[in-house]
Amino acid sequence: MNNKPDSAGLDNAGTGTRAVWGGEQVRHPYNATQTPIVVSAAYGYDDIDNWYDVALGKAPGFIYSRMSNPTVEILEAKICELEKAASAVAFSSGMAAISSVLYTFLAHGNRVVSTKDSYGGTNKIFEEFLPRMGVEVTLCETFDHEEIEREVAKGCQLLYLETPTNPTLKILDIQRLVSAAKRVGALVVADNTFATPLNQNPLALGVDVVVHSATKFLSGHGDVLGGLVCGAGFLMDKVRHYREINGAALDPFSAYLIIRGMKTLVLRMRQQQHSARALAEFLGSEPLVESVNYPGLPGHPNHAVACAQMRGFGAIVSFVLVGGMDTVKVLLPRLRFAHCAGNLGAVETLYGPARTTSHVENTLEERLALGIGEGLVRVSVGIEDTDDLLDDLKQAFAFVRRSRDEQTPKHTQPSIKEPCTEVAS
Ligand SMILES: *Cc1c(COP(=O)(O)O)cnc(C)c1O
């Protein structure tokens with residue numbers, strides 16, 4: 001079927017080319033140029049012996065779509081090209097992928113070390129579900145690498161990393177923490193959702209298993225849920241076996257949408273992170289902003305680590321507004337080119353306070369303990385023109401200033417209006 005020369009592999013191709021052609025270098029049925037969406041639950045066999053061989057994995061083919069599906073397999077091959085992984089397994093959401101990885105590799109009596117800033121859903125698995133299974137979880141301060149190293153050295157089976165973090169954009173030194181984990185024989189899992197494979201390849205830095213919420217930048221259009229896991233073949237065989245049984249398989253139509261979105265990942269991300277830097281720089285100069293978090297800014301506390309392990313700094317920026325939630329409520333609804341919504345990584349710009357997005361599951365006290373004040377806003381910068389996004393933010397800040405002036409109590413201002421009216425009439 002594939003009559004291209006052997007050298008037509010993607011070994012020397014760049015990320016943009018891999019994103020387009022990964023998993024799709026063979027001719028599809030009917031010579032279709034686009035990935036077919038194969039919706040069949042089961043696959044038929046006239047040769048009963050061949051059916052049995054396929055079922056046992058001795059011959060290629062498909063049996064039942066909870067086990068494997070042709071459209072989903074193309075998506076799995078595509079993420080392998082982008083993360084330079086040997087194998088991958090797709091799930092129905094990012095959380096299905098993350099929870100399945102944890103349940104695949106952990107058992108009663110094991111210990112996990114991670115950080116306090118992981119994604120809200122992941123944090124709930126650590127705080128609520130794993131302890132119930134008899135797994136001990138230690139969550140360290142995300143900025144404190146010494147503490148993480150100390151806790152790992154005490155012995156653990158799994159080290160779970162997420163960098164950059166949501167929503168405060170902290171950076172973990174992947175290679176340094178992988179070294180600590182290897183000394184105690186722990187498996188290292190990393191959530192690469194925020195960085196995307198364009199900017200960071202954790203497997204190349206020694207991580208064993210990479211997880212993605214494909215809902216975000218990979219699919220890129222905010223219209224599908226999905227999760228991806230990748231790593232060495234023997235590890236992915238275990239994860240795939242878990243998915244076959246727990247049933248959190250990705251449906252083929254969602255797989256198709258993610259495949260289509262991934263083809264433009266590089267183009268989208270280049271534009272999005274170009275604008276993200278411009279917005280971060282502008283926010284740094286805005287008096288109504290107390291502080292800005294973006295790993296690409298030289299003032300970011302882990303900027304040097306970010307430069308060493310990332311090729312770009314991503315499209316998420318967060319900032320703290322003077323006046324807290326009162327200012328948030330005036331600024332956000334005033335933006336023209338933005339959804340206020342609990343998602344990120346889409347082509348449209350998205351704004352949201354931590355209270356209603358990443359940390360909706362947490363109480364005010366828990367958020368404050370994590371250093372997330374009520375004025376913290378996360379921006380997922382979209383593909384709109386950079387100048388339009390800047391102008392939009394500027395007009396919204398101007399509106400906040402006008403509203404604040406109007407609210408200044410009257411008796412503190414010299415009252416000139418009433419006498420003048422009297423004279424005029
Ligand atoms: C959104 C997100 C997840 C969860 O993914 P879903 O597809 O929503 O289940 C996990 N990790 C990070 C960093 C995320 O942003």
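Just so we're clear, the structure is a prediction, and the values are computed from it rather than from any experiment.

All right, on to helix α5 (residues 120-132) then. With 13 residues, α5 should cover 18 Å at 1.5 Å per step; its first-to-last C-alpha distance of 18 Å lies within 8% of that length. When the local axis directions of α5 are compared, the greatest deviation, roughly 35°, occurs at Phe126. Taken as a whole, α5 has its buried residues at Gly120, Gly121, Thr122, Asn123, Ile125, Phe126 and Leu130. In this structure, the buried side of α5 is in contact with α4 (94-105), β2 (111-115), β3 (136-140) and β4 (158-162). In the segment just after α5, Gly134 is the residue with positive phi, at about 85°.

Glancing now at the confidence of the model for the protein. Per-residue confidence for the protein averages 92 on the pLDDT scale, and 94% of its residues sit at or above 70. Segment residues 414-425: pLDDT under 50, and 0 contacts once partners within four positions in sequence are set aside and those in other chains are kept.

Right, let's talk about the nonpolar core for a bit. Core analysis: the biggest nonpolar cluster contains 52 residues, and Leu75, Ile79, Ile148 and Leu159 have the highest contact counts within it. The residues touching Ile148, leaving out its near neighbours within four places in the chain, are Val113, Thr115, Cys140, Glu141, Thr142, Leu159, Leu172 and Leu177. Ala276, Ala306, Leu332 and Ala396 belong to the second largest nonpolar core, which has 34 residues in total.

Here the protein is partitioned into domain 1 (10-262) and domain 2 (265-404). The gap between the C-alpha centroids of domain 1 and domain 2 is 27 Å. Residue-level contacts link 36 residues of domain 1 with 36 residues of domain 2. Together, the buried faces of domain 1 and domain 2 total about 3,100 Å²; carbon and sulfur atoms form 60% of this surface. It is Ile171, Asn199 and Phe217 that lose the most area in domain 1 upon contact with domain 2, and together they represent 23% of the buried surface on that side. In this structure, the connection of domain 1 to domain 2 is made through 0 salt bridges. Applying the counting criterion to the domain 1 and domain 2 interface returns 16 residue pairs in polar contact (both at pLDDT 80 or more).

To continue, consider the site of the ligand. In the vicinity of the ligand lie 13 residues, with Gly94, Met95, Asp191, Thr215 and Lys216 positioned nearest. Met95 places a main-chain nitrogen or oxygen 2.8 Å from an oxygen atom of the ligand. In this structure, Thr215 approaches the ligand through a side-chain N or O atom, which is 2.6 Å from an oxygen atom. Compared with its free state, where it exposes 380 Å², the ligand has 93% of that area covered by protein. It is α4 that provides the largest number of residues to the shell around the ligand, a total of 3 residues. Split into classes, the residues belonging to the shell around the ligand amount to 4 nonpolar, 6 polar and 3 charged.

Taken together, the side chains of Ile37, Val39 and Phe253 make up a nonpolar region of the molecular surface, amounting to roughly 300 Å² of accessible area. Its location among the elements puts Ile37 in the loop between α1 (15-21) and α2 (48-55). Residue Ile37 is classed as partly exposed on the basis of its relative accessible area of 34%.

With the rule as written, the count across this model stands at 17 salt bridges. With a shortest N-O distance of 3.1 Å, Arg243 and Glu76 are connected by a salt bridge. One end of the pair, Arg243, is in helix α9 (residues 233-246); the other, Glu76, is in helix α3 (residues 70-83), and 167 residues separate them in sequence. The exposure class assigned to Glu76 is buried, which follows from its relative accessible area of 8%. A single salt-bridge network, built from bridges that share partners, covers Arg111, Glu136, Glu151 and Lys154.

Here we come to a negative patch on the surface. Together, Asp46, Asp47, Asp49 and Asp53 line one region of the surface with negative charge. Checked against the element boundaries, Asp46 lands in the loop between α1 and α2. For Asp46, a relative accessible area of 81% corresponds to the exposed category.

With that settled, the discussion passes to the UniProt feature "modified residue: N6-(pyridoxal phosphate)lysine" (unreviewed entry) in the protein. On the UniProt side, "modified residue: N6-(pyridoxal phosphate)lysine" (unreviewed entry) is annotated at positions that read Lys216 here. Within the element layout of this structure, Lys216 appears in the loop between β6 (209-213) and β7 (227-231). Leaving out residues up to four positions away in the same chain, Lys216 has contacts with Tyr119, Thr193, Asn343, Leu344 and Gly345.

Between two packed helices, what matters for the description is the angle formed by their axes and the separation of those axes. With their axes 8 Å apart at the nearest point, α3 and helix α10 (residues 252-262) run at an angle of 30° to one another. Considering how the two elements wind past one another, α3 and α10 form a crossing that is left-handed. Two secondary-structure elements touch here, α3 through Thr71, Val72, Ile74, Leu75, Lys78, Ile79 and Leu82 and α10 through Pro252, Ala255, Tyr256, Ile258, Ile259 and Met262. Its residues assigned to classes, the contact of α3 with α10 comprises 11 nonpolar, 1 polar and 1 charged.

Strand β5 (residues 187-191) sits mainly inside the fold: 5 of its 5 residues count as buried. With 5 bridges joining them, β4 and β5 adopt parallel strand pairing. When the sheet's bridge partners are listed, Glu162 is paired in β5 with Asp191. Pairing geometry for β5 and β6, over 3 bridges, is parallel. The partner of Ala190 across the bridge, within β6, is Val210.

Turning to the sheet that holds β3, a few remarks are in order. Hydrogen bonds along the backbone pair up the strands of a sheet, which may run parallel or antiparallel. In space, the 7 strands of this open sheet follow the order β1-β7-β6-β5-β4-β2-β3, with mixed pairing throughout. Whereas interior strands pair on both sides, the edge strands pair on one side only; in this sheet they are β1 (87-91) and β3. The sheet shows a mean angle of 20° between the axes of neighbouring strands, direction not considered. Bridge analysis of β2 against β3 gives 5 bridges, and the strand direction is parallel. Each residue of the ladder has a partner; that of Val113, found in β3, is Thr138. Contacts from helix α6 (residues 145-153) reach β2, β3 and β4, with the element oriented near 175° to β2. Helix-sheet contacts for α9 involve β1, β5, β6 and β7, and the interaxial angle to β1 is about 20°.

Rules used in this analysis
- Residues numbered from 1 in each chain as written.
- Predicted model: local features only at pLDDT ≥ 70, side-chain atom pairs only at ≥ 80, totals over all residues.
- Heavy atoms only, no water.
- Helix = DSSP H or I, 4+ residues; strand = E, 2+ residues; numbered from the N terminus.
- Expected span 1.5 Å × (residues − 1).
- Bend = angle between axes of the 7 residues up to and from the residue.
- Buried < 20%, exposed > 50% of the residue type's maximum accessible area, 1.4 Å probe, protein only.
- Contact = heavy atoms within 4.5 Å.
- pLDDT = per-residue confidence, 0-100.
- Core = buried A, V, L, I, M, F, W, Y, C linked by side-chain atoms within 4.5 Å.
- Domains from an automatic or database assignment.
- Buried area = accessible area lost by both parts, 1.4 Å probe.
- Salt bridge = Lys/Arg side-chain N within 4 Å of Asp/Glu carboxyl O.
- Polar contact = N/O pair within 3.5 Å; in protein donor to acceptor, adjacent residues only side chain to side chain.
- Near = heavy atom within 4 Å.
- Areas by Shrake-Rupley, 256 points an atom, 1.4 Å probe, with all protein chains shown as cover.
- Nonpolar A, V, L, I, M, F, W, Y, C, P; charged D, E, K, R; others polar.
- Patch = residues over 30% accessible without salt bridge, like charges linked within 9 Å, V, L, I, M, F, W, Y side chains within 5 Å.
- Lys, Arg positive; Asp, Glu negative; His and termini not counted.
- Charge placed at Lys NZ, Arg CZ, Asp CG, Glu CD.
- UniProt positions renumbered as here; feature names shortened; annotations may be inferred.
- Axes fitted to C-alpha atoms, helices over the stretch in contact; angles between N-to-C directions.
- Left-handed = near helix turned anticlockwise from the far one by under 90°.
- Pairing = 2+ DSSP bridges.

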